[in-house]
Each structure stands twice: as C-alpha cells, then as structure tokens.
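Understanding the architecture of this molecule
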Amino acid sequence: MKLSESDPKDKLVAAVKDSFAFCTTALAKVDDSKLGEQFPFFGGRPISRGGALVALGGSWTDHYATQAIYLRLNGILPPTAQPPKKN
C-alpha cells in the first residue's frame, strides 16, 4: 500500500493494523528447527533465521524507543510508562 503524508488518519491506522496482522501471521509460521538456516539479508549478506529474528527484535525496540522519546517531547507519557489502571 502506498501512503503519503496527506493521507487521512483512518488510512494510516488501517495500514499499521494490516502491517501488524502480516507480521503476526508470518511470525506464527516460524519453526525452531530451521533457525540455523542461512538466507541472504540486507545487501545479500548471509544471516541465519535466528539471527534475523534477533535483529528484528532489536529493530522493534529501537523504533519503540524513538516513538517513546517523541511522545515524551510532546508531553505524552508512553503506554509502557503509564501506571497500571486500577479496577
């Protein structure tokens, strides 16, 4: 899906939800027995499937940290820093 800065919020939210659904489906198919298999990664450099999963986790934490800083700079407490809701 092609997105632009002028797209309405509902289109952007739908794209993010589709992206999470894609990742959920793809990660559900990960098989532990194949974690040592090599495949070409960025730039054709070989990496194991397990190594790619570690890189993926590191990338996600990097993106979350960036967003958390952005939220804090705009006076918003990130979701993981908010106190637990009382029942």
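Our structure is the block above this text.
The rules behind these values
- Residues numbered from 1 in each chain as written.
- Predicted model: local features only at pLDDT ≥ 70, side-chain atom pairs only at ≥ 80, totals over all residues.
- Heavy atoms only, no water.
- Phe/Tyr/Trp six-rings, centres within 6.5 Å; stacked < 30°, edge-to-face > 60°.
- Buried < 20%, exposed > 50% of the residue type's maximum accessible area, 1.4 Å probe, protein only.
- Patch = residues over 30% accessible without salt bridge, like charges linked within 9 Å, V, L, I, M, F, W, Y side chains within 5 Å.
- Areas by Shrake-Rupley, 256 points an atom, 1.4 Å probe, with all protein chains shown as cover.
- Salt bridge = Lys/Arg side-chain N within 4 Å of Asp/Glu carboxyl O.
- Helix = DSSP H or I, 4+ residues; strand = E, 2+ residues; numbered from the N terminus.
- Polar contact = N/O pair within 3.5 Å; in protein donor to acceptor, adjacent residues only side chain to side chain.
- Contact = heavy atoms within 4.5 Å.

**Section: the packing of aromatic side chains**
One pass over the full model with this rule turns up two aromatic pairs. An angle of 90 degrees between the planes, with centres 6.1 Å apart, marks the rings of Phe39 and Phe41 as edge-to-face. In this structure Phe39 comes out as partly exposed when scored by relative accessible area, which is 24%. Chaining the aromatic ring pairs together yields one cluster made of Phe39, Phe41 and Phe42.

**Description of a nonpolar patch on the surface**
The grouping of Leu27, Val30, Leu53 and Trp60 at the surface amounts to a nonpolar patch, some 330 Å² of accessible area in total. Along the chain, the position of Leu27 falls in helix H1 (residues 9-28).

**Observations regarding the side chain of Asp7**
Counting through the fold element by element, Asp7 comes out in the segment before H1. The exposure class assigned to Asp7 is buried, which follows from its relative accessible area of 16%. Of note is the side chain of Asp7, whose polar atom sits 2.7 Å from the backbone nitrogen of Ser4. Residues within four places of Asp7 in sequence aside, it is in contact with Lys2 and Leu12.

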